[in-house]
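Here's the letter readout for the chains.
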Amino acid sequence: MGEMRKMYGRALVELGEENENIVVLDADLSASTKTSMFCAAHGNRFFNAGIAEQNMMGMAAGLAASGKVVFVSTFAVFGTGRAYEITRNLVCGNNLNVKIVCTHAGVSVGEDGATHQSVEDIAIMRAIPNMKVFVAADAAEAYEMVKMAAKIQGPCYVRLTRSTSEDVYNDKADFSLQTSQVLAEGSDISIFACGLMVSRALQAAKELKKENIHAEVINLSQIKPIDKETILKSVKKTNCALACEEHSVIGGMGSALAEVFSRHYPVKMDFLGIEDRFGTSGKASELLEYFSLTTEEIVKRAHRLLER
Amino acid sequence: MYTLQECQRLIRQDIIRMTSAAKSGHPGGSLSAVEILALLYFEIMHIDPTRPKMEDRDKFVLSKGHAAPVLYATLARRGYFDPAELTTLRRLGSRLQGHPDMHSLPGIEIGTGSLGQGISAAVGMALAQKLDSSQRYTYVLTGDGELNEGIVWEAVMAAVHNKLNNLIIFIDENGLQIDGATCDVMNLGDLVKKFEAFGCNTILIEDGHDYERLRSAIASAKTVKDKPSALVCKTVKGKGVSFMENNPAWHGKAPNVEETKQALGELEAYQNG
Ligand SMILES: Cc1ncc(C[n+]2csc(CCOP(=O)(O)OP(=O)(O)O)c2C)c(N)n1
Ligand SMILES: [Mg+2]
């Protein structure tokens, strides 16, 4: 079990040591997003925008246009939602070096409820030209992802969760910009997952194996640009795809996959995600259960898909 | 009906019990707004808890939606629902969502929780009252940190432009937001001057926990005919619980069993004003 947010903070501190040009902005949530760690280490390059996400994004654009590599953080709902049009026009329209790293994505935010649970952030970030979209499956991957974000040119969105995540990678993830990782090989069904659903998909694959069903599990942490080669290779083998994400079934990772499959190699497909509704208050673990974002549901859906 | 003194004690103790039971939530900013809500709901507003959707009622919007506990406790004590339900706060299936939901609980005029949006909606409600030739008022409560949001000032501009004298804005100036003191995170400067410059009838309330000062400011706001009023209330975050007062750590943290006991004990004796 690890905390993505803490690894984000650690990666930021290291990046700050390596590169004088790294600047970090937050919107009065630095203790929660862990940009406070960067503030403690490199206070002169940390700016609290206050509770003003739109202005934070605008300042980030200006800093980036002046040669800085800018990380901006807040909760996913505010970072992608409140600041949306500024991200679209200033940051992406000008293709600037702004890295939007948001924590508290999805329903696993827990007790704060619907207003704070972003279930559409992948969809809206993915739709903007020039934007890259990454979703971390665990703490180790979050760390690699943030390091990668600093290296690439242009804007990107990194999606992290509040709650602790099951470890998918032992200690080191090798996150690559181009290649999605096949975490388990199989020939009967392709299970694509991102975020907290990756560990659940792996668990489901183990369950399915007991019934002699061989599931391939792919961690689709790069939602955009999408690794067409890996995902097509997999479905050409299995001829069926199950997408699992802690996000709306509208416009998220599943939609990104379906866009590729329907153009290049149509396969039967199912989408496990949040069915066009808002979140609610509750404990993170209860909510994942409540929205059927569980290993059992993945197994059930896999069976149904194979029978179809 | 409870006396205002009883109200503040009950509501404060409810806030502690609720957040303690939920093991999460926002006690600090709830405690700083107790008197404002108690006075509005128990004395000022034209409302009927048995008919929460009554036409031609006064409206209240909690723009700082994270202070839901103070609103829920006030509504329950005023008779909108059974106070026994308060300790379901933030549980799966509860009507008492982490942030207010107008479709689950009676008495909530609109869902809030994303800062800055409630005041904008309150301007819309005040406009609707004008369109409907209503004599009623819309009251809205914002945090001071919340004033960082640009939409707040856009809303104030629109309220002044539309001469919404039926809009009364309370600013809970407790001096703290999450990352620290407002003057360190994003300095707000002189709020009275700012609201005045925007064209509001602005009143400074030196002690936002003093019913009498709040009462007379509201009365004076109601004499104004052509502009909205901004009541800048100096308050103490965590008011009434010694270890919570003026401590930003209690913004979004629930008291444990020991702390709950101590807080409830202190509040038993606490007298306001
Ligand atoms: C748009 C938005 N950004 C961030 C948050 C997270 N947040 C919740 S409360 C808060 C601080 C609020 O400070 P203030 O308005 O002073 O409230 P109070 O001190 O009265 O509790 C923040 C940043 C939010 N709810 N909405
Ligand atoms: Mg405050």
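Residues numbered from 1 in each chain as written. Chains lettered and ligands numbered in written order. Predicted model: local features only at pLDDT ≥ 70, side-chain atom pairs only at ≥ 80, totals over all residues. Heavy atoms only, no water.

## Describing the confidence of the model for chain B
For step 1, the next point in the chain: Chain-level statistics for chain B give a pLDDT mean of 98 and a share of 100% at 70 or above.
For step 2, the next point in the chain: This complex was scored by the predictor with a pTM of 0.97 and an ipTM of 0.96. (pLDDT = per-residue confidence, 0-100.)

## A look at the sheet that holds strand β1 (residues 22-26) of chain A
Residues and elements named next belong to chain A.
For step 1, the next point in the chain: Ordered in space as β2-β1-β3-β4-β6-β5-β10, the seven strands form an open sheet in which the pairing is mixed. What marks the edges here is a single partner per strand, and that holds for β2 (46-48) and β10 (222-224). Ignoring strand direction, the axes of neighbouring strands in this sheet form an average angle of 20°.
For step 2, the next point in the chain: Here strand β5 (residues 132-135) pairs with strand β6 (residues 156-159) via four bridges, running parallel. The residue bridging Phe 134 from the neighbouring strand is Val 158, located in β6.
For step 3, the next point in the chain: Those strands touched by helix α8 (residues 139-151) are β1, β3 (69-73), β4 (98-102), β5 and β6, and its axis lies near 140° from that of β3. (Pairing = 2+ DSSP bridges. Helix = DSSP H or I, 4+ residues; strand = E, 2+ residues; numbered from the N terminus. Axes fitted to C-alpha atoms, helices over the stretch in contact; angles between N-to-C directions. Contact = heavy atoms within 4.5 Å.)

## What about the coordination of the magnesium ion (ligand 2)?
Each pair of donors in an ideal four-coordinate tetrahedral metal site encloses 109.5 degrees, whereas pairs in an ideal six-coordinate octahedral site enclose 90 or 180 degrees.
Residues and elements named next belong to chain B.
For step 1, the next point in the chain: All of the protein donors around the magnesium ion (ligand 2) are Asp 144 (OD), Asn 174 (OD1) and Leu 176 (O); their distances to the metal are 2.1 to 2.2 Å.
For step 2, the next point in the chain: Within one chain, the residues serving as donors to the magnesium ion (ligand 2) are arranged as D-x29-N-x1-L. Of this pair, Asp 144 sits in the loop between β2 (138-143) and α6 (150-161) while Leu 176 sits in the loop between β3 (167-173) and α7 (182-185), placing them 32 residues apart in sequence. Leu 176 matches Asp 144 in its accessibility class, with the two residues each being buried. (Donors = N, O, S within 2.8 Å, 3.2 Å for Na, K, Ca; no water. Buried < 20%, exposed > 50% of the residue type's maximum accessible area, 1.4 Å probe, protein only.)

## Points about the sheet that holds strand β1 (residues 59-62) of chain B
All names here are of chain B.
For step 1, the next point in the chain: Strand order in the open sheet formed by five strands is β1-β2-β3-β5-β4, and the pairing between neighbours is parallel. Two strands lie at the open edges of the sheet, namely β1 and β4 (201-205), each paired on one side alone. When the angles between neighbouring strand axes are averaged without regard to direction, this sheet yields 20°.
For step 2, the next point in the chain: Note that β4 and strand β5 (residues 229-234) share five bridges and pair parallel. Note that in β5 the partner of Asn 201 across the bridge is Ser 229.

## So, unusual backbone geometry
For step 1, the next point in the chain: Residues Lys224(A) and Pro225(A) are joined by a peptide bond in cis, for which omega reads -5°.
For step 2, the next point in the chain: Along the polypeptide, Pro225(A) turns up in the loop between β10 and α10 (228-238).
For step 3, the next point in the chain: Residue Asp276(A) is not a glycine yet carries a positive backbone phi of 50°.
For step 4, the next point in the chain: On the basis of relative accessibility, which here comes to 61%, the residue Asp276(A) falls in the exposed class.
For step 5, the next point in the chain: One non-glycine residue, Ser133(B), adopts positive backbone phi at about 55°.
For step 6, the next point in the chain: Here Ser133(B) is to be found in the loop between α5 (117-131) and β2.
For step 7, the next point in the chain: On the accessibility criterion, Ser133(B) (60% relative accessible area) is exposed.

## Some remarks on the interface of chain B and chain A
For step 1, the next point in the chain: Taken together, the contacts link 25 residues of chain B with 22 residues of chain A.
For step 2, the next point in the chain: Summed over the three residues of chain B that lose the most area to chain A, namely Leu92(B), Glu149(B) and Asp179(B), the buried surface amounts to 32% of that side.
For step 3, the next point in the chain: Counting across the chain B and chain A interface gives two salt bridges.
For step 4, the next point in the chain: The salt bridge involving Glu149(B) is made with Arg82(A); its shortest N-O contact spans 3.4 Å.
For step 5, the next point in the chain: At the junction of chain B with chain A, the criterion picks out 17 residue pairs in polar contact (both at pLDDT 80 or more).
For step 6, the next point in the chain: Considered class by class, the residues forming the side of chain B that touches chain A number six nonpolar, 14 polar and five charged. (Buried area = accessible area lost by both parts, 1.4 Å probe. Salt bridge = Lys/Arg side-chain N within 4 Å of Asp/Glu carboxyl O. Polar contact = N/O pair within 3.5 Å; in protein donor to acceptor, adjacent residues only side chain to side chain. Nonpolar A, V, L, I, M, F, W, Y, C, P; charged D, E, K, R; others polar.)

## Details of helix α3 (residues 34-44) of chain B
For step 1, the next point in the chain: The buried fraction of α3(B) is high, at ten of eleven residues.
For step 2, the next point in the chain: Every buried residue belonging to α3(B) is among Val34(B), Glu35(B), Ile36(B), Leu37(B), Ala38(B), Leu39(B), Leu40(B), Tyr41(B), Phe42(B) and Ile44(B), and all of these are buried.

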